[in-house]
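Listed here are the chains, written in short residue letters.
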Amino acid sequence: NSHSSLSVWLTAEFNTSNLYSGDVMNPTRMQEELLLLDLKKVCAILGLSRSTVYRLEAAGNFPKRIHLSERRVAWRAQDVSAFINRQNERVPNGN
């Protein structure tokens, strides 16, 4: 399946709201590369808890966060997408 859960989420997000850009209706790869996801969105996309995301990151098994300010962090959508793809490769046929 060529659509990752991140791509599905991006399509739904951009089709139902204008959170990131006024006229975006169909996200492209370039938009995904520029998009940053906060912890709440990362957890929603992956179906993981905050502590699991942080634990995976600390173990080197999840992309490193970007510090946007002293109290704000985010992850690059393309890095989260790559993580999803790696997980799919580790589990053949989604099993």
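Residues numbered from 1 in each chain as written. Predicted model: local features only at pLDDT ≥ 70, side-chain atom pairs only at ≥ 80, totals over all residues. Heavy atoms only, no water.

Section: the overall build of the chain
Okay, so step 1: Regarding its fold elements, the chain presents five helices and three strands.
Okay, so step 2: Along the chain, helices and strands appear, N-terminal first, in the series α-α-β-α-α-β-β-α.
Okay, so step 3: Taking all 95 residues of the chain together, 33% fall into the buried category.
Okay, so step 4: Long-range contacts, defined here as pairs at least 24 residues apart, represent 47% of the contacts in the chain between residues at least 6 apart.
Okay, so step 5: Here the chain displays about 6500 Å² of accessible surface, and carbon together with sulfur accounts for 49% of that area. (Helix = DSSP H or I, 4+ residues; strand = E, 2+ residues; numbered from the N terminus. Buried < 20%, exposed > 50% of the residue type's maximum accessible area, 1.4 Å probe, protein only. Contact = heavy atoms within 4.5 Å. Areas by Shrake-Rupley, 256 points an atom, 1.4 Å probe, with all protein chains shown as cover.)

A word on helix 3 (residues 39–46)
At 3.6 residues per turn, the α-helix brings residues three or four places apart onto the same side.
Okay, so step 1: Counted residue by residue, helix 3 has six buried out of eight residues, so it is predominantly covered.
Okay, so step 2: What helix 3 keeps buried is the set Leu-39, Lys-41, Val-42, Cys-43, Ile-45 and Leu-46.
Okay, so step 3: Positive backbone phi, at 70°, marks Gly-47, one or two positions downstream of helix 3.

Focus: the packing of helix 3 against helix 4 (residues 50–58)
The description of two helices packed together rests on the angle between their axes and the distance between the axes.
Okay, so step 1: The N-to-C vectors of helix 3 and helix 4 enclose an angle of 95°; their axes lie 9 Å apart at closest approach. With respect to their mutual orientation, helix 3 and helix 4 come out roughly perpendicular. Taking contact as the criterion, the partners of Leu-39, Val-42 and Cys-43 in helix 3 are, on helix 4, Arg-50, Val-53 and Tyr-54.
Okay, so step 2: Classifying every residue of the contact of helix 3 with helix 4 by side-chain character gives five nonpolar, no polar and one charged. (Axes fitted to C-alpha atoms, helices over the stretch in contact; angles between N-to-C directions. Parallel < 35°, antiparallel > 145°, perpendicular 65-115°, else oblique. Nonpolar A, V, L, I, M, F, W, Y, C, P; charged D, E, K, R; others polar.)

Topic: the nonpolar core
Okay, so step 1: Ranked by internal contacts, the top residues of the largest apolar core, which has 15 residues, are Leu-37, Val-42, Leu-46, Val-53, Phe-62, Trp-75 and Val-80.
Okay, so step 2: Of all elements in the fold, only helix 3, strand 3 (73–76) and helix 5 (77–90) reach the threshold of two or more residues within this core.
Okay, so step 3: With five residues, the top contributor of residues to this core is helix 3.
Okay, so step 4: Excluding its chain neighbours within four sequence positions, the residues that come into contact with Val-42 are Leu-37, Val-53, Phe-62, Trp-75 and Val-80. (Core = buried A, V, L, I, M, F, W, Y, C linked by side-chain atoms within 4.5 Å.)

Focus on the pattern of salt bridges
Okay, so step 1: Scanning the model with the defined rule gives four salt bridges in all.
Okay, so step 2: Of the charged contacts, one joins Lys-41 and Asp-38 as a salt bridge, the two residues approaching to 4.0 Å between their closest N and O atoms.
Okay, so step 3: Looking at Lys-41, the relative accessible area reads 19%, which means it is buried.
Okay, so step 4: Relative accessible area serves as the criterion here: at 18%, Asp-38 is assigned to the buried category.
Okay, so step 5: Close ionic contact of Arg-65 with Glu-57 constitutes a salt bridge, the shortest N to O distance being 2.7 Å.
Okay, so step 6: Judged by relative accessible area, which is 29%, Arg-65 ranks as partly exposed.
Okay, so step 7: With relative accessibility at 7%, the residue Glu-57 sits in the buried group.
Okay, so step 8: Here the salt bridges do not stand alone but share partners, grouping Asp-38, Lys-41 and Arg-72 into one network. (Salt bridge = Lys/Arg side-chain N within 4 Å of Asp/Glu carboxyl O.)

Some words on the confidence of the model for the chain
Okay, so step 1: Taken over all residues, the pLDDT of the chain has a mean of 78, while the share at 70 or more is 61%.
Okay, so step 2: Scored below 50 in pLDDT, residues 16–26 shows twelve contacts in the model against residues more than four places distant or in partner chains. (pLDDT = per-residue confidence, 0-100.)

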